[in-house]
Amino acid sequence: LVRDGGKNNIDEAIRVLNKQTAPATENALSIYRRITTHLLGRSDKDEGSEAERASSVSMLRGVLYRLANTYRSNGASKSVRTEMDELLMATHHQHMYYCTKALGLKDITAKCAITILKYPDIVPQDKGFYQAGIACRDQGNANIAFMLLNRYVDLAEAIDAQDASFLDNADYHDTDAIPLTAALPQTQYLKDEHTREDVRTWVLSVVTDSAIEQRFPPREQARNSLYEGLFSSERQPCIVTGFPVHPADLLEVNNSVANRRDWNAFVSKSKLCPWTGQEQQPMY
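Given the structure is predicted, the values throughout are model-derived calculations rather than measurements.

A. The environment of Thr25, seen in detail. Mapped onto the elements, Thr25 comes out in the loop between helix 1 (7-19) and helix 2 (29-40). For the pair Thr25 and Val80, spaced 55 residues apart in the sequence, the C-alpha separation amounts to 9.0 Å.

B. Highlighting the packing of aromatic side chains. The tally for this structure, following the rule as stated, stands at seven aromatic pairs. When the ring of Tyr172 is compared with that of Phe216, the centres are 5.1 Å apart and the planes differ by 65°; the resulting orientation is edge-to-face. Here Tyr172 is found in the loop between helix 8 (142-161) and helix 9 (193-206), whereas its partner Phe216 is found in the loop between helix 9 and strand 1 (250-253), with 44 residues between them in sequence. Taken as a pair, Tyr172 and Phe216 share a single burial class, namely buried. An aromatic cluster is present here, built from Phe129, Tyr172, Phe216 and Tyr227 joined pairwise through their rings. The ring centre of Phe243 lies 5.6 Å from the NZ or CZ of Lys111, which sits over that ring. For the cation-ring pair, Arg151 lies above Tyr172, with the distance from its terminal atom to the ring centre recorded as 5.5 Å.

C. Helix 6 (residues 106-116), seen in detail. Most of helix 6 sits inside the fold, with nine of its 11 residues counted as buried. All of the buried residues in helix 6 are Ile108, Thr109, Ala110, Lys111, Cys112, Ala113, Ile114, Thr115 and Ile116. Contacts from the buried residues of helix 6 go to helix 5 (78-103), helix 7 (125-139), helix 8 and helix 10 (260-270).

D. Layout of unusual backbone geometry. Its identity is not glycine, yet Gln214 carries a phi of approximately 60°, on the positive side. In this structure, Gln214 sits in the loop between helix 9 and strand 1. Positioned with a positive phi, Asn255 is a non-glycine residue whose angle comes to about 60°. Within the secondary structure layout, Asn255 lies in the loop between strand 1 and strand 2 (256-259).

The rules we used
Residues numbered from 1 in each chain as written. Predicted model: local features only at pLDDT ≥ 70, side-chain atom pairs only at ≥ 80, totals over all residues. Heavy atoms only, no water. Helix = DSSP H or I, 4+ residues; strand = E, 2+ residues; numbered from the N terminus. Phe/Tyr/Trp six-rings, centres within 6.5 Å; stacked < 30°, edge-to-face > 60°. Buried < 20%, exposed > 50% of the residue type's maximum accessible area, 1.4 Å probe, protein only. Lys NZ or Arg CZ within 6 Å of the ring centre and 35° of its normal. Contact = heavy atoms within 4.5 Å.

Without other data, these values stay purely geometric and don't point to any function.
Shown next, in the form of structure tokens:
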């Protein structure tokens, strides 16, 4: 199925892995990477409806979650476990993005979208920046939305030209959590040129808005804001959002670490643990 490729075959491959016990071997890892990058790298047209894309990502997330646990328990090498964890966490936060979006948790959705920017080798850069920019705009932070969507516009133009040499990384010089050297996608995430033009029009429309700073704040001013996810941190990441968890907000639950407020906000609405997927009640 993976060798044949195509949307339906990849979806079927995920269903097979979900039904069967997937092999946790080093040789199989390349198949899991191909499936994950194929699914998370689809164009907006190939993703289908919101429900379809959420369902596929959720199923793959479950497969990778079980595999990661097996790789850890069977003594796989550190490099193999690290790669599997990367695939899992990219898929997990894409899954959380869809879940929280459906639940109307706009703050958490925006945080998840920003976290996904850390995985440009799995989620293409143009998809990541578009998704994060729109989520931040929906959340109400026009400045970060402008910065992210402006980057998306630059990436879309670079993809058209298949030339990344003119991309200016100066705005992201200090936001060291976001890799900017990933390979340029070969094709556009947004297939419709009119949709891409709508994004460009919005970016141009806010350039003259004096309320838009058109820059990221320094690291010391980013705490407890959407900007915090753009900066690297030695603190453990929240299992809900991927953002750093500060000691005063720390919740340790179900073999995971979370920001108590975000974890409870999600659990209150979903009635499920964001990590195990089991029934859960809030923990205040």
